[in-house]
Amino acid sequence: MSNWILHSNLLLCALLCTVFSYTVHAQMPSGADHVTFAPVAAVAVAAGKTTVVRLSGSIDKGWNSYGLTPTVTADGIGPQPLVVQVQPENMFAVDTARTAVVKGVHIYEDEVWGTTVEKLTGSIEIDVAITIAKTAPRAKHQASIVVTLQMCDGQICLPPDDVTIPLTIEVR
């Protein structure tokens, strides 16, 4: 009978730990809750060529994210820079050299990081240069732009989070 009690207690402990971990995870705030992006119009482009798609977004008042340029302090640490990707990656690629934040970026002396950073606030616009693979078949493709950003409010920084924006790309 003591074996049964031991197994029951272990099972109860495992169940409580699972419920607790789901509850904690469900309550953890998400950076994606503090930024929104408008839908993006479909684009048409030839295989092997590059097109620029403008993302228009809004960051909640009191919150900020960081720009495309990585910042590293003397200690070798820094904020998570904005990262933009496009999927599926076998047909489309972001040209990072031609991708830029064109609105909402401010150069800022960040007291938390102790260095100058690119800070994104308020209304933002990002021009995303997307190169189409030469082998991409002629057709309408459902793609996604994935923006990875770290949201901060001056007191805390949330873990980096992904925001996905659907995009139709017609390869001509």
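Before reading further, recall that the structure is shown in the block above.
This write-up is about the structure you can find in this document. (Residues numbered from 1 in each chain as written. Predicted model: local features only at pLDDT ≥ 70, side-chain atom pairs only at ≥ 80, totals over all residues. Heavy atoms only, no water.)

The strand order across the open sheet built from 4 strands is β2-β10-β9-β5, with neighbouring strands paired in mixed fashion. Two strands lie at the open edges of the sheet, namely β2 (43–45) and β5 (83–87), each paired on one side alone. Averaged over all adjacent pairs, the angle separating strand axes in this sheet is 35 degrees, with direction ignored. Both β2 and strand β10 (residues 161–171) contribute to a ladder of 3 bridges, which runs parallel. Bridge assignment links Val 43 to a residue of β10, and that residue is Ile 169. (Pairing = 2+ DSSP bridges. Helix = DSSP H or I, 4+ residues; strand = E, 2+ residues; numbered from the N terminus. Axes fitted to C-alpha atoms, helices over the stretch in contact; angles between N-to-C directions.)

Moving on to the side chain of His 34. Mapped onto the secondary structure, His 34 falls in the loop between α1 (2–27) and β1 (35–37). On the accessibility criterion, His 34 (15% relative accessible area) is buried. A polar side-chain atom of His 34 sits 3.3 Å from a polar atom in the side chain of Trp 63. (Buried < 20%, exposed > 50% of the residue type's maximum accessible area, 1.4 Å probe, protein only. Polar contact = N/O pair within 3.5 Å; in protein donor to acceptor, adjacent residues only side chain to side chain.)

Time to look at the state of the cysteines. For the structure shown, the criterion picks out 1 disulfide. The disulfide partner of Cys 152 is Cys 157, and the S-S distance across this bridge is 2.0 Å. Across the S-S bond of Cys 152 and Cys 157 the torsion is about 110 degrees, and the bridge reads as right-handed. (Disulfide = S-S within 2.5 Å.)

On to the environment of Phe 37. Mapped onto the elements of the fold, Phe 37 is located in strand β1. Taking the C-alpha atoms as reference, Phe 37 lies 9.9 Å from Val 147; in sequence the two are 110 residues apart. The residues touching Phe 37, leaving out its near neighbours within four places in the chain, are Leu 55, Ser 56, Gly 57, Ile 124, Ile 126, Val 147, Val 163 and Ile 165. (Contact = heavy atoms within 4.5 Å.)

All chains considered together, the criterion is met by 2 salt bridges. Glu 125 is the partner of Arg 54 in a salt bridge, and the nearest nitrogen-oxygen pair spans 3.2 Å. A residue pair is termed long-range when its members are at least 10 positions apart, and Arg 54 in strand β3 (residues 50–59) and Glu 125 in strand β8 (residues 115–132) qualify at 71 residues. A relative accessible area of 19% places Glu 125 in the buried class. Asp 127 is paired through a salt bridge with Arg 54; the nearest N and O atoms lie 2.6 Å apart. (Salt bridge = Lys/Arg side-chain N within 4 Å of Asp/Glu carboxyl O.)

As a further point, take empty space enclosed by the protein. Counting across every chain of the model gives 1 cavity of 30 Å³ or more. Each pocket or cavity is described by its volume, and for the largest cavity that value is around 30 Å³. Taken together, Tyr 66, Gly 67, Thr 69, Pro 70, Thr 71, Pro 79, Pro 81, Val 117 and Glu 118 make up the full set of residues lining the largest cavity. Class assignment for the residues of the lining of the largest cavity results in 5 nonpolar, 3 polar and 1 charged. (1 Å grid on protein atoms, 1.4 Å probe; cavity = no way out; pocket = protein on both sides within 12 Å on 5 of 7 lines; lining within 4 Å. Points joined across faces, edges and corners; volume = space filled by probe spheres on them. Nonpolar A, V, L, I, M, F, W, Y, C, P; charged D, E, K, R; others polar.)

As a further point, take the layout of surface pockets. Empty space within the largest pocket amounts to approximately 200 Å³. In terms of lining, the largest pocket is formed by Asn 64, Tyr 66, Tyr 108, Asp 110, Glu 111, Val 112, Lys 119, Cys 152, Gly 154, Gln 155, Ile 156 and Cys 157.

The next point concerns the nonpolar core. The biggest cluster of nonpolar side chains holds 35 residues, and the ones touching the most others in it are Phe 37, Leu 55, Phe 92, Ile 130, Ile 145 and Ile 169. Among the elements of the structure, β1, β2, β3, β5, β6 (92–94), β8, β9 (139–149) and β10 are those that each provide at least two residues to this core. A total of 6 residues in this core trace back to one element, the largest contributor, which is β8. (Core = buried A, V, L, I, M, F, W, Y, C linked by side-chain atoms within 4.5 Å.)

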